[in-house]
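Listed below are the residues making up each chain.
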Amino acid sequence: MSWRTTGILFVILLVVGAVAFWQSRSDDAGGEGLPTTQAPVVESANLFEGVEIANVARLDIEHSVDTGASFRREPDGGWFMTTPTATVVISQTVTNSVMGLINTGSRRTFAADENPLDAYGLLDPVREITVAVNRDEQIIRYRLQVGNETPAGDAYYVLKDGDRRVHLVTKSTLDGIFSLATQPPLPETLPTAMPATP
């Protein structure tokens, strides 16, 4: 390689370096004062703050106009269905569903005025879950009104009494609660003994 070619390449390298340096300085100066875009803050909320399963006294579920159920928690921790029929239920199934509900916060929470409540199915919702909790010798009721599924189909729009925000709550958690009303966890009955034939 000749000195002449080397010199030309060196000058080109200097020019490219100077242009890159000049552009980076002008970008820095021009960008001052402009806000940087940040990812939107996803606000979530615990709908049952401080509630433990030992304090839950009652669960009322309205799944549809004609389908609902009520369960009472006994002092020993067992559950008893009071509506539509009075019967013993599999307590562990009810306990697991209620624990899933009280331990699950909203995936996202936003102001209700972002859209009309009708857009979320919350203008006059049929589905409703009420959890009654013993606290300081009082009964506190947590009432959730459940609207439509989200477009992705993985959550429901929910309103909580006393909270004007709309919450997205995981669909599988609420479906577990609704299944207690549509398919109550009744214990299997033992087969009746056949009379002995002589």
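The sections below set out a description of the structure shown in this document. (Residues numbered from 1 in each chain as written. Predicted model: local features only at pLDDT ≥ 70, side-chain atom pairs only at ≥ 80, totals over all residues. Heavy atoms only, no water.)

1. Examining the nonpolar core
Thinking step 1. Counting 30 residues, the largest nonpolar core has Phe48, Leu59, Phe71, Trp79, Ile129 and Leu174 as its most contacted members.
Thinking step 2. For this core, the secondary structure elements donating two or more residues are strand S1 (56-62), strand S2 (68-73), strand S3 (79-83), helix H2 (91-103), strand S6 (127-135), strand S7 (138-149), strand S8 (155-160) and helix H3 (171-182).
Thinking step 3. Here the element with the most residues in this core is H3; it accounts for five residues.
Thinking step 4. Contact partners of Ile129, with chain neighbours within four places excluded, come to Leu59, Asp60, Leu101, Tyr142, Arg143, Leu144, Val146, Leu174, Ile177 and Phe178.
Thinking step 5. Membership of the second largest hydrophobic core comes to nine residues, among which are Ala112, Ala155, Val166 and Leu168. (Core = buried A, V, L, I, M, F, W, Y, C linked by side-chain atoms within 4.5 Å. Buried < 20%, exposed > 50% of the residue type's maximum accessible area, 1.4 Å probe, protein only. Helix = DSSP H or I, 4+ residues; strand = E, 2+ residues; numbered from the N terminus. Contact = heavy atoms within 4.5 Å.)

2. Side note on the packing of H2 against H3
Thinking step 1. Here H2 crosses H3 at 145 degrees, and the two axes come no closer than 9 Å. Remark: the crossing between H2 and H3 carries left-handed chirality. When H2 is examined against H3, the residues Thr93, Val94, Ser97, Val98, Gly100 and Leu101 are found in contact with a partner set consisting of Thr173, Leu174, Gly176, Ile177 and Leu180. (Axes fitted to C-alpha atoms, helices over the stretch in contact; angles between N-to-C directions. Left-handed = near helix turned anticlockwise from the far one by under 90°.)

3. A short note on unusual backbone geometry
Thinking step 1. The peptide bond linking Thr83 to Pro84 adopts the cis configuration, its omega dihedral lying at 5 degrees.
Thinking step 2. Here Pro84 is to be found in the loop between S3 and strand S4 (87-88).
Thinking step 3. Phi at Asp136 is positive, roughly 50 degrees, even though this residue is not glycine.
Thinking step 4. Topologically, Asp136 is positioned in the loop between S6 and S7.
Thinking step 5. Positioned with a positive phi, Glu137 is a non-glycine residue whose angle comes to about 60 degrees.
Thinking step 6. Following the sequence through the fold, Glu137 ends up in the loop between S6 and S7.
Thinking step 7. With a relative accessible area of 85%, Glu137 lands in the exposed category.

4. Description of the pattern of salt bridges
Thinking step 1. Tallying each qualifying case throughout the model produces nine salt bridges.
Thinking step 2. Measuring nitrogen to oxygen at the nearest pair gives 2.7 Å for the salt bridge that ties Asp175 to Lys171. Here the residue Asp175 and the residue Lys171 both occupy positions in helix H3, the gap between them amounting to four residues, near one helical turn.
Thinking step 3. Connected through salt bridges with shared partners, the residues Glu43, Asp163 and Arg165 form a single ionic network. (Salt bridge = Lys/Arg side-chain N within 4 Å of Asp/Glu carboxyl O.)

5. A word on the environment of Ser44
Thinking step 1. Looking at the secondary structure, you find Ser44 in the loop between helix H1 (3-31) and S1.
Thinking step 2. Excluding residues that lie within four positions of it along the chain, Ser44 makes contacts with Ser106, Arg107 and Thr109.

6. Points about H2
Thinking step 1. With 13 residues, H2 should reach 18 Å at 1.5 Å per residue; the first-to-last C-alpha distance of 18 Å fits that figure.
Thinking step 2. By the burial criterion, the buried members of H2 are Val94, Thr95, Ser97, Val98, Leu101 and Ile102. Looking straight down H2, one finds its buried side chains confined to an arc of 165 degrees; they lie on one side. Exposed positions of H2 whose direction lies more than 90 degrees from the buried face are Gln92 and Asn103. (Expected span 1.5 Å × (residues − 1). Arc of directions from axis to C-beta.)

7. A few points about the pairing of strand S9 (residues 163-170)
Thinking step 1. Looking at chain direction, strand S5 (residues 108-111) and S9 are connected through four bridges and run antiparallel. Across the sheet, residue Arg108 finds its bridge partner in S9, namely Leu168.
Thinking step 2. Here S8 pairs with S9 via six bridges, running antiparallel. Opposite Leu159, over in S9, you have Val166 as the bridge partner. (Pairing = 2+ DSSP bridges.)

8. Focus on H3
Thinking step 1. Relative to the 16 Å expected for twelve residues at 1.5 Å per residue, H3 spans 16 Å between its end C-alpha atoms, a close match to the ideal helical length.
Thinking step 2. Those residues of H3 not exposed but buried are Lys171, Thr173, Leu174, Ile177, Phe178, Leu180 and Ala181.

9. Description of the packing of aromatic side chains
Thinking step 1. This model, assessed by the stated rule, comprises four aromatic pairs.
Thinking step 2. Ring geometry for Phe48 against Tyr142: centres 5.4 Å apart, planes inclined by 45 degrees, an arrangement best described as tilted. Here Phe48 is found in the loop between H1 and S1, whereas its partner Tyr142 is found in strand S7, with 94 residues between them in sequence. One exposure class covers both Phe48 and Tyr142, and it is buried.
Thinking step 3. Ring plane angle 85 degrees and centroid distance 6.4 Å describe the contact between Tyr156 and Phe178, whose orientation is recorded as edge-to-face. Of this pair, Tyr156 sits in strand S8 while Phe178 sits in helix H3, and the two are 22 residues apart along the sequence. In terms of burial, Tyr156 and Phe178 fall into one category: buried. (Phe/Tyr/Trp six-rings, centres within 6.5 Å; stacked < 30°, edge-to-face > 60°.)

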